[in-house]
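Chain by chain, the residues:
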Amino acid sequence: MGIRRQQWRHVVAAWCAATVLAVAAADGRNNTSLAAGASAAPPSQGMGDGKAYHHVWPPMEIGWRIVLGSLIGFFGAACGSVGGVGGGGIFVPMLALIIGFDPKSSTAISKCMIMGGSVSTVYYNLKLKHPTLDMPIIDYDLALLMQPMLMLGVSIGVIFNVIFPNWLITVLLIILFLGTSTKAYLKGIETWKKETIKKREVAKTQEKICQKPEHTTTVIPVEHATAIPTGPGAAAEAKPPSDKATSVLKNVYWKEFGLLAFVWVAFLGLQIAKNYVASCSVWYWVLNSLQIPVAIGVTMYEARGLMTGKRVLSSKGSQQQQSTLKFRQVLVYCLFGILAGLIGGLLGMGGGFIMGPLFLELGIPPQVSSATATFTMMFSSSMSVVEYYLLHRFPVPYAAYFTAVAFVAAIVGQHCVRKLIAWLGRASLIIFILASMIFVSTLTLGGVGISNIVQKMERHQYMGFESLCKV
């Protein structure tokens, strides 16, 4: 108990220190940040409508706005890290409506918060193992198969984001998120029922064992009873809970991590280079096209290993460990990755809102689905943060403060929910949190989008399709 109290004290102390440092930095740097932002670099493709961009950065002062925003951000980061969706659907409206940032700055700071939450969540998950298998809780092969396609899809989606009118994007967001959240809720109910059946089977097995005094009684914790061992050697074959903390370095697959880092660096370099060429010029399309061989090359390397049996998507369970994927299955995975990225780039959301429910439909356990989705989101969000920073899209003190809030909130959320799952023996809680986050994001983002549409209609502003070459 003493160690846990010390850990909580360190968490609270870190959050308080981050608050003090951020406010202190704001006092000395707020004016210079605002002055520098006024002469910001030209907006990147997919972030503007061809007009001059003038940001709105409110002064950083301790008041009800920043306190309320911090509480909402803390709740959103805690739940978003558990569900594997980041929390952008809560961060963006909070930053725009409560703190007072303009929409583009709100999106940029939201990416900083998502990055902070995903980094802390990944570090937390690196200490955990798969709930039923002897492997890390993060499925590196699944991430390597889908992450390059996801980032390629994001680049395509950003182009459509420039072209499509705001009303169409809002309608698509509401329809897609309502459908996704409903599907996730149904999946959660289905998983809850399966868990209930397993808990009853375990209770009956333990009751039978207790009624036989000549046999050694082996009590199986309900929360880890995904498979009930039977037979004379049941006690010897039963594995200890795989949720125990292990070495971080042992849970990192460096080869796969290096390939993902290569994709990250390549896409980041191409995205930065695009900001210094004219839109629709020859070099613009050349730089866009170079993303295709990078994504396809890394994906085909992983796909070849999965089709030849050198690699396996073992996170789905022991039945799939000895099987290889067919070309049709690999193609479906890649298409889903591109589609998830395209939708994320089009709607301005992280891929976690699509990848989380997708992984669940593919049969990935909720813990692994959340951890893997957050792992992939760490790369995409950090790439966006670097690009936004180079374009002066956010004030550093504000971004540093809210990133620290999300960092701490993610750890607290993971710790509390893991304890709750271990106590109740229901991993379906992760699915319900995921579905709830998507539904709440539908209400907040949909409400903000509808409000903007009404304002444009009252002002008789143009609401048609835009030209990509207008910027």
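Look a little higher up for the structure.
Residues numbered from 1 in each chain as written. Predicted model: local features only at pLDDT ≥ 70, side-chain atom pairs only at ≥ 80, totals over all residues. Heavy atoms only, no water.

## Let's talk about the pattern of salt bridges
Link 1 in the chain: Tallied over the entire structure, the rule returns 2 salt bridges.
Link 2 in the chain: Between K194 and E190 there is a salt bridge, and its shortest N-O distance comes to 3.4 Å. Of this pair, K194 and E190 both sit in helix α6 (residues 166-210), 4 residues apart, roughly one helical turn.
Link 3 in the chain: Take K194: its relative accessible area is 46%, and that puts it in the partly exposed class.
Link 4 in the chain: The partly exposed category is assigned to E190, whose relative accessible area is 36%. (Salt bridge = Lys/Arg side-chain N within 4 Å of Asp/Glu carboxyl O. Helix = DSSP H or I, 4+ residues; strand = E, 2+ residues; numbered from the N terminus. Buried < 20%, exposed > 50% of the residue type's maximum accessible area, 1.4 Å probe, protein only.)

## Here's the deal with the side chain of K187
Link 1 in the chain: Within the element layout of this structure, K187 appears in helix α6.
Link 2 in the chain: Salt bridges are absent for the buried K187, whose nearest opposite-charge side chain, E190, sits at 4.3 Å.
Link 3 in the chain: Not counting the four nearest positions on each side in its chain, K187 is found in contact with L360, E361 and I431. (Lys, Arg positive; Asp, Glu negative; His and termini not counted. Contact = heavy atoms within 4.5 Å.)

## Some words on helix α5 (residues 140-163)
Link 1 in the chain: With 24 residues, α5 ought to run about 34 Å at 1.5 Å a step, and its terminal C-alpha atoms sit 35 Å apart, in line with that.
Link 2 in the chain: The sharpest bend along α5 reaches about 30 degrees and sits at M146, with the proline P148 one to four residues further on.
Link 3 in the chain: Of all 24 residues making up α5, 18 are buried, and the element is well covered by its neighbours.
Link 4 in the chain: The N-terminus of α5 is capped by D139, whose side-chain oxygen sits 3.3 Å from the backbone nitrogen of D141. (Expected span 1.5 Å × (residues − 1). Bend = angle between axes of the 7 residues up to and from the residue. Polar contact = N/O pair within 3.5 Å; in protein donor to acceptor, adjacent residues only side chain to side chain.)

## Overview of the packing of helix α4 (residues 103-125) against helix α13 (residues 366-390)
Link 1 in the chain: The contact between α4 and α13 brings their axes to 8 Å, and the two run at 140 degrees. The orientation of α4 relative to α13 falls into the category oblique. Between α4 and α13 lies a crossing whose hand is left-handed. Contacts between α4 and α13 involve T107, A108, K111, C112, I114, M115, S118, V119, T121, V122 and N125 on the former and, on the latter, A371, T374, F375, M377, M378, S381, S382, S384, V385 and Y388. (Axes fitted to C-alpha atoms, helices over the stretch in contact; angles between N-to-C directions. Parallel < 35°, antiparallel > 145°, perpendicular 65-115°, else oblique. Left-handed = near helix turned anticlockwise from the far one by under 90°.)

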